[in-house]
Amino acid sequence: MRVDRQDQQDEFSDEQLVFSAQNDKAAIGELIARYICTVEFLAKKYGSEVREDLVQEGLMGLLSAVRTYRGDKNVKFSTYATKCIKNKIISSVHKNALISRVDEADLEEILGGGGDVPEEIVVEREELNELYDKITSALSEQEWQVFQSFLRGMSYNQIALSVGTSEKAVDNAMQRVRRKLRSLLR
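The sections below set out a description of the structure shown in this document. This structure is a prediction, so every number in the text was calculated from the model and none was measured.

### Topic: the packing of helix 8 (residues 141-151) against helix 10 (residues 167-184)
Look at helix 8 against helix 10: their axes get within 9 Å of each other, and the N-to-C directions meet at 90°. Of the possible angle classes, the one that applies to helix 8 and helix 10 is roughly perpendicular. Two secondary-structure elements touch here, helix 8 through Gln142, Glu143, Val146, Phe147 and Phe150 and helix 10 through Val170, Ala173, Met174, Arg176, Val177, Arg178, Lys180 and Leu181. Here the residues of the contact of helix 8 with helix 10 are counted per class, giving 8 nonpolar, 1 polar and 4 charged.

### Quick look at the side chain of Ser20
Considering the arrangement of structural elements, one finds Ser20 in helix 2 (residues 14-20). The buried category is assigned to Ser20, whose relative accessible area is 4%.

### Side note on unusual backbone geometry
With a phi angle near 60°, Asn74 is a residue other than glycine that sits in the positive phi range. Assessed through its relative accessible area of 75%, Asn74 is described here as exposed.

### Some remarks on helix 4 (residues 51-68)
Compared with the 26 Å implied by 1.5 Å per residue over 18 residues, the 25 Å span of helix 4 between its first and last C-alpha is a close match. Three or more residues of helix 4 are buried, namely Leu54, Val55, Gly58, Gly61, Leu62, Ala65 and Val66. Down the axis of helix 4, the sector holding all buried residues measures 145°, keeping them to one side. Facing away from the buried side of helix 4, by more than 90 degrees, are the exposed residues Glu52, Gln56 and Arg67.

### Comments concerning the packing of aromatic side chains
Under the criterion given, the structure shown has 5 aromatic pairs. Relative to Tyr80, the ring of Tyr69 lies with its centre 5.8 Å away and its plane at 55°, an arrangement referred to as tilted. Within this pair, whereas Tyr69 is found in the loop between helix 4 and helix 5 (77-100), its partner Tyr80 is found in helix 5, the two being separated by 11 residues in sequence. The exposure class of Tyr69 is buried, given its relative accessible area of 8%. Three or more aromatic residues joined by ring pairs form one cluster here, namely Phe19, Tyr35, Tyr69, Phe77 and Tyr80.

### Description of the nonpolar core
Core analysis: the biggest nonpolar cluster contains 22 residues, and Leu31, Tyr35, Leu62, Phe77, Ala81, Ile85 and Ile89 have the highest contact counts within it. Contributing elements (two or more residues each) for this core: helix 2, helix 3 (25-46), helix 4 and helix 5. The contacts of Phe77, once residues within four sequence positions are left out, are Asp14, Glu15, Val18, Leu31, Tyr35, Leu62, Ala65, Val66 and Tyr69. Listed in part, the 8 residues of the second largest apolar core include Phe147, Leu151, Val177 and Leu181.

### Some remarks on the pattern of salt bridges
Here the structure, examined in full by the defined rule, presents 7 salt bridges. Its salt-bridge partner being Asp14, residue Arg34 comes within 2.6 Å of it at the nearest N-O pair. In this pair, Arg34 sits in helix 3 while Asp14 sits in helix 2, placing the two residues 20 residues apart along the sequence. Between Lys168 and Asp171 there is a salt bridge, with the nearest N and O atoms lying 3.8 Å from each other. With Lys168 and Asp171 both in helix 10 and 3 residues apart, this pair spans about one turn of that helix. When its relative accessible area of 53% is taken as the criterion, Lys168 is described as exposed. We classify Asp171 as partly exposed; its relative accessible area is 23%. If you follow the salt bridges from partner to partner, you end up with Asp14, Glu30 and Arg34 in one network.

Calculation rules
Numbers given to residues run from 1 along each chain, matching the order in which its sequence is written. Owing to the predicted nature of the model, reporting of local features is limited to residues with pLDDT of at least 70; listing and counting of side-chain atom pairs is limited to 80 or more, with chain, interface and lining totals taken over all residues. Only heavy atoms go into the side-chain values, all of them from the structure, while hydrogens and water stay out. In this description, a line fitted to the C-alpha atoms serves as the axis of each element, helices being fitted only across the stretch in contact, and the angle between N-to-C directions of two axes falls anywhere from 0 to 180 degrees. Each helix is a run of DSSP H or I of at least 4 residues and each strand a run of E of at least 2, with the numbering of both proceeding from the N terminus. Between 65 and 115 degrees an angle is taken as roughly perpendicular, under 35 as roughly parallel, over 145 as roughly antiparallel, and anywhere else as oblique. When checking whether two residues touch, look at their non-hydrogen atoms; a contact exists if any pair is within 4.5 Å. When residues are sorted by character, Ala, Val, Leu, Ile, Met, Phe, Trp, Tyr, Cys and Pro go into the nonpolar class, Asp, Glu, Lys and Arg into the charged class, and all the rest, Gly among them, into the polar class. Residue exposure (1.4 Å probe, protein chains only): buried if accessible area is under 20% of the type maximum, exposed if over 50%, otherwise partly exposed. Take the residue count of a helix, subtract one, and multiply by 1.5 Å to get its expected span. Directions from the helix axis toward the C-beta atoms define the arc. Side-chain rings of Phe, Tyr and Trp (the six-membered ring for Trp) are treated as a pair once their centres are within 6.5 Å; stacked means planes under 30 degrees apart, edge-to-face means over 60, and tilted covers the remaining angles. Only buried residues count toward a nonpolar core. Its members are Ala, Val, Leu, Ile, Met, Phe, Trp, Tyr and Cys residues joined through side-chain atoms within 4.5 Å. One speaks of a salt bridge when a side-chain nitrogen belonging to Lys or Arg is within 4 Å of a carboxyl oxygen belonging to Asp or Glu.

Here is the structure:
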């Protein structure tokens, strides 16, 4: 199905637009227009200071939902998309909190205090700072750079280019990071 005009787009269900989105940029645009309010609401709910970044993350979650949605699972696209958007935003907040050493009060403010926040995200300030210090002291400079890049979602190839090493060296560094983190978190 090809979606060419705005009045035609309004007639299609979300599910129909998702299936036509693979071949039709207008369908993706319509889905973004339909879900931008949801993305902005969730971004605002989970972080007012970093709202623009979280909106971008939420849009990435929406695009991921469009790519991975399966109609045969008997779930409405709106439900699936909202969950994907929310998970992407929460994941981003969690990653940024670990990297930036956000204390508990800041984390609660970023998360808006009223959302469905997984318990593992809310960590006591001292515990978070202690964990951060343990991680940074346990990892070499290269391991720390590789780990931060990995947390930002970079591929091994991208990390290798940014650090100036080979993909195999990045893989080895990540293996050491995983081993060290496992021993620290036991």
